[in-house]
Amino acid sequence: MFTRAITLGWLVFATVTVSAQPRVLRWAGDPEGGAPYVEADPSHPDQLVGFDVDIVALLASGLGRTPEFVNVRFESISQSVARGDADIGMSGIEDTPARRLAMAVTMPYYEFREVLSVRDADAGRFRSLADLRGKSVGTLGGTIAYEILLRAEREHGLRAVSYDDDVHPYSDLVIGRLDAVLLDNVLAERRQRTIAGYTIQPQTVAIGHYVGVLSQENAPLRDRMNEILRAAMSDGTLERIFRKWSVWNDDQPKLHAQVLAGQPVAAVTGLDESTSVATVSRWEAAKRYLPSLLRASVVTIALSCLSMGLAVVLGVLIATGRVYGGRLARGSLTAYVELMRGTPLLLQLFVLYYGLAEAVRLPAFVAALLGLALNYAAYESEIYRSALEAIPTGQLEAARTLGLSERQVLRLVRAPQAFRLALAPMTNDFVALLKDSSLVSVLTVLELTKQTQIFATNLGSWVIPGTLCAGLYLAMSLPLAGLARRLERRWKVVA
Amino acid sequence: MLSGVSLDVNRGELVAIMGPSGSGKTTVLRAIAGLERFQAGRIAVDGVVLAGGADIPSPTLRELRRKVGMVFQFHCLFEHLSAIDNVCLAPVHAFGITVPEARRRGLELLAGFGVEHRAAALPRQLSGGEAQRVAIARALAVDPPLLLMDEPTASLDPARRAELGALMQELQRQRRTLVIATHDEDFASDFATRVVRLRDGALA
């Protein structure tokens, strides 16, 4: 009897405890450069702030849940939500026809304008995209602005430059790497607080809206969220949030009135979406993007071949220095190798391109080439050093007793055999470099993986873009691997 | 460690240096070949003098290479080159002989050792005896008056050993001097004109 009472008591306690636990609302955002949408509070970096943070808190409160943040890169938010990593994505996400087809999007809660920013000195001559023939215009990749620039490339002959974040376009603009930036007015105005030297042109290039994105299966949750947003529009809560972040302007009352009246709101105004890839079949979309994927493949393979060539030359010099050099040479070269191998390639690329920009302004492709070459030279040098040291000392002594000089011993006896030992690991490294070249997209180099990402973002699916991308990488790497196998068989290196 | 090794070798001799493993036989050959530094004493080969306690100057080393050829215990052929290319490498690159002339002389040498039919073979395709003969041909290609050989019979069967002995006697008749390190008592007694014994780095 007593035991039963205790057991019943524990069951009741457990039930009450479970019921009392609040449910969470997982939301995906990108805090990197994400102001004023989502950013780490400068005074408390472990906390997030921004108007999307406040709106999520509003939605969570309305749903009786606790918000739980999921850190996802901006360009992957929709896909991440679709696979269930989060319930909703909110991070300045643009309403587009592709997203409306692929996701359950909330009602638009903020209207933005795509605006052109130029250096102060160019404010008089670069007023519209048509004025930028032959010039470089940067923007955030996978956005409406990027789509506009791609069309402007064809219509006006400018060069579209894709960035992975919204900070570097403006810093590159003022130092002269770019001639203009096309992005949301929210971002343009925000960056002007910290980066001086550019003017925001008044002409509106296009009009867009921010929305929250949910998976299609979560449409009922989206509907509940729309009710909360509608109420927040009605009672001024949204206005207070936007005023708090200094982004409230005359465009917002019009949008709110339109939404509250139940009138449809076009995803984008000023961009002909009838030809968007989201409106055609997947195969038609693939055919449209194939030329750009092939062009990006050429960039990838050119960059990889040039980088690897330079890495091999540098690697040979470093290895030779470490085997034959004096103490100072050996020490310096060893330090170089350890530095390059011990720090991330991505960090090295950032330092080369952005970190050194005040002293030396390298073009993106050159910085990418150098970055890959300098990093891989360290790995190559270890392969060559090991291969050189693997040649039996007896052969080297035999060569010396025959009257060959040290240089001749290296050139005629040691190096040819070392090369054959090094061939297989070298080939591995080349294939690895081919794939590592995808990192250079952070330097605005439009290589194959980045182009695929843009394709997938615009299409709203990774299936076809990913398959095409993988096929192109294999088409580049398999012949190389085959050539290496043929050479190995021909030389038949004996272990 | 070698101590108090004093040895005079006359032209045309075949001197066998004998002793147990670790006695210093190979070290003696390596010192003569300029591969091993020594602290004290001197080595003179046909007018080229190596002084102990110092690095050998490059000109001296170059001169020494013309006087001394060495056949190593494990042949040490260049694995990436064919037999004929092994033989021709030094004459062409170290001594400036033209490729056709070097190939002609090389093939003659290989023929003299009965392996000209293996001229195109790579070292890993040669038998132990063939590799040894190619190694000897390679060492002789630069025409040294003194030939050093480290354990020349180590990998040979009795028939090949006898062939090697005959070959070495032919080299003697060519007025070459041979110094071999060996612990093959029978070979030394059959073919050496003189035997010296080392024990613990000193002449016994």
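Residues numbered from 1 in each chain as written. Chains lettered and ligands numbered in written order. Predicted model: local features only at pLDDT ≥ 70, side-chain atom pairs only at ≥ 80, totals over all residues.

A.B. asks: What exactly am I supposed to notice about the overall build of chain A here?
C.D. replies: Each helix and strand counted, chain A has 18 helices and twelve strands in total. Along the first, second and third principal axes, the C-alpha atoms of chain A reach 95 × 90 × 50 Å. The buried share of chain A, taken over its 495 residues, is 43%. (Helix = DSSP H or I, 4+ residues; strand = E, 2+ residues; numbered from the N terminus. Buried ≥ 20, exposed ≤ 12 C-beta atoms within 10 Å, placed from the backbone.)

A.B. asks: I'm lost on the environment of Gln192 of chain A in this one. Help?
C.D. replies: Inspection of the secondary structure puts Gln192 of chain A in the loop between α7 (185-191) and β11 (198-210). It is 8.6 Å that separates the C-alpha atoms of Gln192 of chain A and Tyr170 of chain A, two residues lying 22 residues apart in sequence.

A.B. asks: Just checking my understanding: could you explain the packing of helix α12 (residues 327-342) of chain A against helix α14 (residues 364-390) of chain A for this structure?
C.D. replies: For any two helices packed against each other, one specifies the inter-axial angle together with the distance between the axes. All names here are of chain A. Closest axis-to-axis distance for the α12/α14 pair is 8 Å, and the angle between their directions is 120°. What the angle tells us is that α12 and α14 run oblique. Here α12 runs over α14; the crossing is left-handed. Within the contact between the two elements, α12 uses Tyr336, Val337, Met340 and Arg341 and α14 uses Leu374, Asn375, Ala378, Tyr379, Ser381 and Glu382. The residue inventory of the contact of α12 with α14, partitioned by class, reads six nonpolar, two polar and two charged. (Axes fitted to C-alpha atoms, helices over the stretch in contact; angles between N-to-C directions. Parallel < 35°, antiparallel > 145°, perpendicular 65-115°, else oblique. Left-handed = near helix turned anticlockwise from the far one by under 90°. Contact = placed C-beta atoms within 7 Å. Nonpolar A, V, L, I, M, F, W, Y, C, P; charged D, E, K, R; others polar.)

A.B. asks: I tried to follow the sheet that holds strand β4 (residues 68-71) of chain B on my own but got confused; where do I start?
C.D. replies: Residues and elements named next belong to chain B. One open sheet accounts for six strands, arranged β4-β5-β6-β1-β7-β8; its pairing is mixed. Here the strands that pair on one side only, and so sit at the sheet edges, are β4 and β8 (202-203). For strand β7 (residues 194-199) and β8, the ladder comprises two bridges, and the chain directions are antiparallel. If you follow Leu198 over to β8, its bridge partner there is Leu203. Along the sheet, helix α1 (residues 25-32) contacts β1 (14-18), β4, β5 (146-150), β6 (177-182) and β7; its crossing angle with β6, the most-contacted strand, is approximately 145°. (Pairing = 2+ DSSP bridges.)

A.B. asks: How should I be thinking about the interface of chain B and chain A in this particular structure?
C.D. replies: Reports often express the size of an interface as the amount of accessible area lost when the parts come together. At the junction of the two partners, chain B supplies 21 residues and chain A supplies 16 residues. Taken together, the residues that form the side of chain B that touches chain A break down as 13 nonpolar, three polar and five charged.

A.B. asks: Can you help me understand the pairing of strand β3 (residues 48-51) of chain B in this one?
C.D. replies: Regular strands have side chains that alternate between both faces of the sheet. Residues and elements named next belong to chain B. Along β3, the buried face is formed by Val48 and Leu50; none of Val49 and Ala51, which line the opposite face, is buried. With four bridges joining them, strand β2 (residues 42-45) and β3 adopt antiparallel strand pairing. Along β3, the bridge assignment pairs Ile43 with Leu50. Turn length for the β2-β3 hairpin, with the two strands adjacent in sequence and antiparallel, is two residues, and the turn residue Asp46 shows positive phi of about 50°.

A.B. asks: Please explain the nonpolar core as it appears in this structure.
C.D. replies: Soluble globular proteins tend to pack their nonpolar side chains together in the buried interior. Grouped together as the largest cluster of nonpolar side chains are 73 residues, with contacts concentrated most on Val81, Val137, Ala180, Leu182 and Val213 of chain A. In this structure, Ala180 of chain A is in contact with Leu116, Ser117, Val118, Phe126, Leu132, Lys135 and Val137 of chain A, ignoring residues within four places of it in sequence. Counting residues in hydrophobic clusters, the runner-up holds 62 residues, among them Val48, Ala90, Leu126 and Met149 of chain B. (Core = buried A, V, L, I, M, F, W, Y, C linked by C-beta atoms within 7 Å.)

A.B. asks: Would you mind going over the confidence of the model for chain B with me for this structure?
C.D. replies: When pLDDT drops low, the exact placement of atoms in the prediction is not to be read closely. Residue and element names in this part refer to chain B. Of all residues in chain B, 98% have pLDDT values of 70 or greater, and the mean over the chain is 89. Within chain B, the element-level pLDDT minimum falls on β8, averaging 70, and the maximum on helix α3 (residues 83-93), averaging 97. Across the predicted assembly, pTM comes out at 0.76 and ipTM at 0.93. (pLDDT = per-residue confidence, 0-100.)

A.B. asks: Sorry, what's going on with the environment of Gln453 of chain A here?
C.D. replies: All names here are of chain A. With respect to the helices and strands, Gln453 occurs in helix α17 (residues 448-459). Judged by the 23 C-beta atoms lying within 10 Å of it, Gln453 is buried. Sequence separation between Gln453 and Gly466 is 13 residues, and the spatial gap between their C-alpha atoms is 8.4 Å. Those residues within four positions of Gln453 in sequence are excluded, and the remaining contacts are Glu75 and Gly142.

A.B. asks: What should I look at first to understand the sheet that holds β11 of chain A in this one?
C.D. replies: In a beta sheet, neighbouring strands are held together by backbone hydrogen bonds and run either parallel or antiparallel to one another. Residue and element names in this part refer to chain A. Read from one edge to the other, the open sheet built from five strands follows the order β9-β8-β10-β7-β11, with strand pairing classed as mixed. In the strand order of this sheet, the two ends are held by β9 (159-163) and β11, each with one partner. Within this sheet the neighbouring strands show an average axis-to-axis angle of 25°, counted without direction. Where strand β7 (residues 110-119) and strand β10 (residues 180-184) come together, five bridges link them in antiparallel fashion. Within the sheet, the bridge partner assigned to Val118 lies in β10 and is Ala180.

A.B. asks: In this structure, what is going on with helix α6 (residues 158-173) of chain B? I would like to understand it.
C.D. replies: Two residues of an α-helix separated by three or four positions point the same way, owing to the 3.6 residues in each turn. Taking 1.5 Å of rise per residue, 16 residues should cover 22 Å, and α6 of chain B covers 23 Å from first to last C-alpha, within 8% of that figure. Of the residues flanking the end of α6 of chain B, it is Arg175 of chain B, one or two places downstream, whose phi is positive at about 70°. (Expected span 1.5 Å × (residues − 1).)

A.B. asks: Help me out: how do you make sense of the packing of helix α13 (residues 345-355) of chain A against α14 of chain A in this one?
C.D. replies: All names here are of chain A. For the pair α13 and α14, interaxial distance at closest approach is 9 Å and the crossing angle is 140°. With respect to α14, the axis of α13 lies oblique. As α13 packs across α14, the resulting crossing turns out to be right-handed. Of the residues in α14, those touching α13 at Leu345, Gln348, Leu349, Leu352 and Tyr353 are Ala364, Ala367, Ala368, Leu370, Gly371 and Asn375. Among the residues forming the contact of α13 with α14, the class breakdown is eight nonpolar, three polar and no charged.

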